[in-house]
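Coordinate analysis (summary)
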Amino acid sequence: MPLDPWMFMGKIDAFEKEGTDNVLTKLWEGGIRTIVLGDLILDGHPAFAPNPDCYRDTKTRPPAMPAELAPRARIVADAVKAAKDRGFGVYLHDWGQFQGKCLNDPEYVKYGIARSRDAFEHYPGLNGFIADGPEYGYEIEPEHRSNIFRCFCECCEAKAKATGYDFEAIRLAADRFQGRLSHLDRNVVERLVEVPTGLFDPVDMLLWEPDLFDWLRFKTESILDLLGGMRTGIRQVDPGLHLACGPRTAAFAPLTAYNFRRLSEVTDFICPKFYFWMHGIDGMKGTVYRWAKTFIDWHAWMSEELALKLVYKIFGFTLPGVACLEDLGKPLSGAFFTETVAGEISKAILRVGDVWRIRPWVGLHHGGVRMDASEMSPIMVAMEQGGLKSYIHWHYSDMQPVEWEIVKSFCAR
Ligand SMILES: [Zn+2]
């Protein structure tokens, strides 16, 4: 079965550089029927001037748009109208919906809804919004921007109290977890990577450390409250508007407190990141590398092979053909796509149920080591064979001609 590709317009100045008509004609003739615009930035400023009436109930003030950007902003607004007139679906990705740092800031939902209302006024006919995240961290590397041991700020404390969690207990559980990961017992690790495990092994661990489970539950519920609150507010702006979000792929999602099943109840669809590259923001190989490297840094006895086996055990997948850290910089093997990627697709479908509610982001890099375009077709084959129907290509202005040919060749039209 062919796929329904959506195209992410990651640089909205593409319309002024190439001409709106040229861009839309190219995409339509290539079989694209939905575009995702984002992030709504022109020269570091928002692409529309805020309507202060939308922000009457928010403490956060929206950023102004310099007057000289008005003609360029008009091109973007006209492009949205032209796309709608041609029959494209149009979504926004990261539309300036939050200015703060913590997802438990009560201002997040209020401001997010206000910003969505404002955006909808500027771009009438929008189909909806796709948030990047919001999520908790997923890296154990100290000082990484996505550190899993954050956040424990005053907003999190207030949220924990309001939702019945013992904030101090979950903070200490996170501390103990970090302590355990950084002081692993060699015999335990060597046994763990070989022993078969099933569904109830994580249950066994969480029964041993119930506060750790409370920490994960707290994070999951705060994300559901945030997205559920935003969707309710966005539906009040217009009942037809959709809200989607972008978790990491199934293997990493629980770590970031994303439960695909419950997430599907508060969003219209989810866009897991099928990002597999090395380094950068944030590919599967990059995360595997950072976890394995950090384990090695923390434990003088840890070999690269054992560290990788441990990471595979933790996340429930393997990278076939990767036995040392240097291998992560090489192209992925065929077995990776037919086994690991296929496994991630199956897991997502198992958790969500409806394949139309899963629309992965697919790209070859975001910083880091760019994957070869030849690695793109096997991802598409795995999606087709795994039963997925649609995906979002990252992204139009970064796309090489060979990538565009691959997108078109798998297209339903
Ligand atoms: Zn916080």
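A brief structural summary. As the structure is a computational prediction, the values presented were derived from the model and not from experiment.

**Some details on the overall build of the chain**
- Secondary structure summary: the chain contains 15 helices and 11 strands in total.
- Computed over C-alpha atoms, the radius of gyration of the chain comes to 22 Å, within 12% of the 22 Å expected from 2.2 N^0.38 for 413 residues, which places it in the range of a compact globule.
- If you line up the chain on its principal axes, its C-alpha atoms span 65 × 50 × 35 Å.
- The buried share of the chain, reckoned over its 413 residues, is 39%.
- Restricting to contacts in the chain with at least 6 residues of sequence separation, those with at least 24 account for 75%.

**Quick look at unusual backbone geometry**
- Following Arg150, the chain continues into Cys151 via a peptide bond in cis, with omega recorded as 15°.
- Mapped onto the secondary structure, Cys151 falls in the loop between β6 (128-132) and α5 (154-162).
- A cis amide bond, omega -15°, links Trp394 with the succeeding residue His395.
- The phi dihedral of His279 falls on the positive side, at around 60°, and the residue is not glycine.
- Looking at the element boundaries, His279 is found in the loop between β9 (273-274) and α11 (284-298).
- Residue His279 is classed as partly exposed on the basis of its 18 C-beta neighbours within 10 Å.

**Concerning helix α12 (residues 304-315)**
- Taking 1.5 Å per residue as the helical rise, α12 with its 12 residues ought to reach 16 Å, and the 17 Å between its terminal C-alpha atoms agrees with that figure.
- Buried within α12 are the following residues: Ala307, Leu308, Leu310 and Val311. Along the axis of α12, the buried positions cluster into a sector of 160°, meaning they face one direction only.
- Turning to α12, the residues buried within the fold contact α7 (186-192) and α11.
- Just past α12, the residue Gly316 takes up positive phi, approximately 75°.

**A closer look at the nonpolar core**
- Counting 106 residues, the largest nonpolar core has Met7, Ile35, Val36, Ile379 and Ile392 as the members making the most contacts within it.
- In this view, Ile379 contacts Phe274, Phe337, Val341 and Val362; residues no more than four positions away in its chain are not counted.
- Cys156, Ile170, Trp215 and Phe218 belong to the second-largest nonpolar core, a separate cluster that totals 6 residues.

**Some remarks on the environment of Trp6**
- On the secondary structure map, Trp6 appears in strand β1 (residues 4-9).
- Of the residues examined, Trp6 has 21 C-beta atoms within 10 Å and is grouped as buried.
- Sequence spacing of Trp6 and Val90 is 84 residues, and the spatial spacing of their C-alpha atoms is 9.6 Å.

**A look at the packing of helix α4 (residues 107-122) against helix α9 (residues 210-237)**
- Running from amino to carboxyl end, α4 crosses α9 at an angle of 30°, the nearest separation of the two axes being 9 Å. Crossing of α4 over α9 shows right-handed handedness. Residues Tyr108, Val109, Gly112, Ile113, Ser116, Arg117 and Phe120 of α4 pack against Leu226, Gly229, Met230, Gly233, Ile234 and Val237 of α9.
- Split by residue class, the contact of α4 with α9 holds 8 nonpolar, 4 polar and 1 charged.

**Focus: the sheet that holds strand β8 (residues 269-270)**
- Spatial ordering of the open sheet is given by β8-β7-β6-β5-β2-β1-β11-β10-β9, a layout of 9 strands whose pairing is parallel. Each edge of the open sheet carries a strand with a single partner, namely β8 and β9.
- Pairing geometry for β1 and strand β11 (residues 390-393), over 4 bridges, is parallel. Following the sheet pairing, Asp4 is matched in β11 by Ser390.

**Thoughts on the packing of helix α2 (residues 20-29) against helix α3 (residues 70-86)**
- Running from amino to carboxyl end, α2 crosses α3 at an angle of 35°, the nearest separation of the two axes being 10 Å. In the packing of α2 onto α3, the handedness of the crossing is right-handed. Across the interface between the two elements, Thr20, Leu24 and Trp28 of α2 pack against Ile75, Asp78, Ala79, Ala82, Ala83 and Arg86 of α3.
- Here the contact of α2 with α3 is built from residues that sort into 6 nonpolar, 1 polar and 2 charged.

**With respect to α2**
- What α2 keeps buried is the set Val23, Leu24 and Leu27. Along α2, the residues classed as buried sweep out an arc of 90° about the axis, all on the same side. Facing away from the buried side of α2 by more than 90 degrees, the exposed set consists of Asp21, Asn22, Thr25 and Glu29.
- Tucked into the core, α2 has its buried residues touching β1, α1 (14-18), β2 (34-37) and α3.
- Of the residues flanking the end of α2, it is Gly31, one or two places downstream, whose phi is positive at about 100°.

Conventions and cut-offs
- Residues numbered from 1 in each chain as written.
- Predicted model: local features only at pLDDT ≥ 70, side-chain atom pairs only at ≥ 80, totals over all residues.
- Helix = DSSP H or I, 4+ residues; strand = E, 2+ residues; numbered from the N terminus.
- Rg over C-alpha atoms; globule rule 2.2 N^0.38 Å.
- Buried ≥ 20, exposed ≤ 12 C-beta atoms within 10 Å, placed from the backbone.
- Contact = placed C-beta atoms within 7 Å.
- Expected span 1.5 Å × (residues − 1).
- Arc of directions from axis to C-beta.
- Core = buried A, V, L, I, M, F, W, Y, C linked by C-beta atoms within 7 Å.
- Axes fitted to C-alpha atoms, helices over the stretch in contact; angles between N-to-C directions.
- Left-handed = near helix turned anticlockwise from the far one by under 90°.
- Nonpolar A, V, L, I, M, F, W, Y, C, P; charged D, E, K, R; others polar.
- Pairing = 2+ DSSP bridges.

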